[in-house]
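Chain and residue survey
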Amino acid sequence: DIMTREVVTTTSQATALEAARILAEHHISGMPVCDQGRLVGIISESDLPGVEPGEATVAELMTTEVITVTPETPVPEIASLLAQHDIKRVPVMAGDRLVGIVSRGDIVRWIAQSAT
């Protein structure tokens, strides 16, 4: 109900500069990394500082142990995962297919709407 369905992604072969440009262009702080349609990691703005943009690849910088949820995962459980693991977003997977992403902002909007 709250996930973003059109997910901005990159590949592990992209450079740090390419990833930074995508994040800036879409005004997002992180994105899934997919190779041949398969989720292989997540890259966030916190992975980029101190890196020479033209030299590093996303594969060298990304987090590979990604916490994911399914479309059926209850929102309070997602909120708990975000807080427990101190992360800002979780990819939503249907089997091995990326179908969305839920961010802290999505949770905040859900809470605000629930109060009305």
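Residues numbered from 1 in each chain as written. Predicted model: local features only at pLDDT ≥ 70, side-chain atom pairs only at ≥ 80, totals over all residues. Heavy atoms only, no water.

**Section: the overall build of the chain**
The cut-off we apply is this: The way it works is that DSSP assigns letters per residue, a run of H or I at least four long becomes a helix, a run of E at least two long becomes a strand, and they are numbered from the N terminus. Two things to know: the radius of gyration comes from C-alpha atoms, and the globule rule equals 2.2 Å times the number of residues to the power 0.38. Exposed residues in this analysis have more than 50% of their type's maximum accessible area, buried residues have under 20%, and partly exposed residues fall in between, with area computed by a 1.4 Å probe over protein chains only. Contact definition: two residues touch when any of their heavy atoms are within 4.5 Å. The charged-residue count follows a simple rule in which Lys and Arg add positive charge and Asp and Glu add negative charge, with His and chain termini not counted at all. For charged residues, the charge sits on one atom: NZ in Lys, CZ in Arg, CG in Asp, CD in Glu.
For the chain, the helix and strand inventory stands at 4 helices and 4 strands. Written out in order from the N terminus, the α and β elements of the chain read α-β-β-α-α-β-β-α. Scaling as 2.2 N^0.38, a compact globule of 116 residues should have a C-alpha radius of gyration of about 13 Å, and the chain matches this with 14 Å. Summarising its shape, the C-alpha atoms of the chain cover approximately 50 × 25 × 25 Å along the three principal directions. The 116 residues of the chain split such that 38% are buried. Looking at the chain alone, contacts between residues at least 24 apart form 47% of all its contacts between residues at least 6 apart. A distance of 5 Å separates the average location of the 8 positive side-chain charges in the chain from that of its 16 negative side-chain charges.

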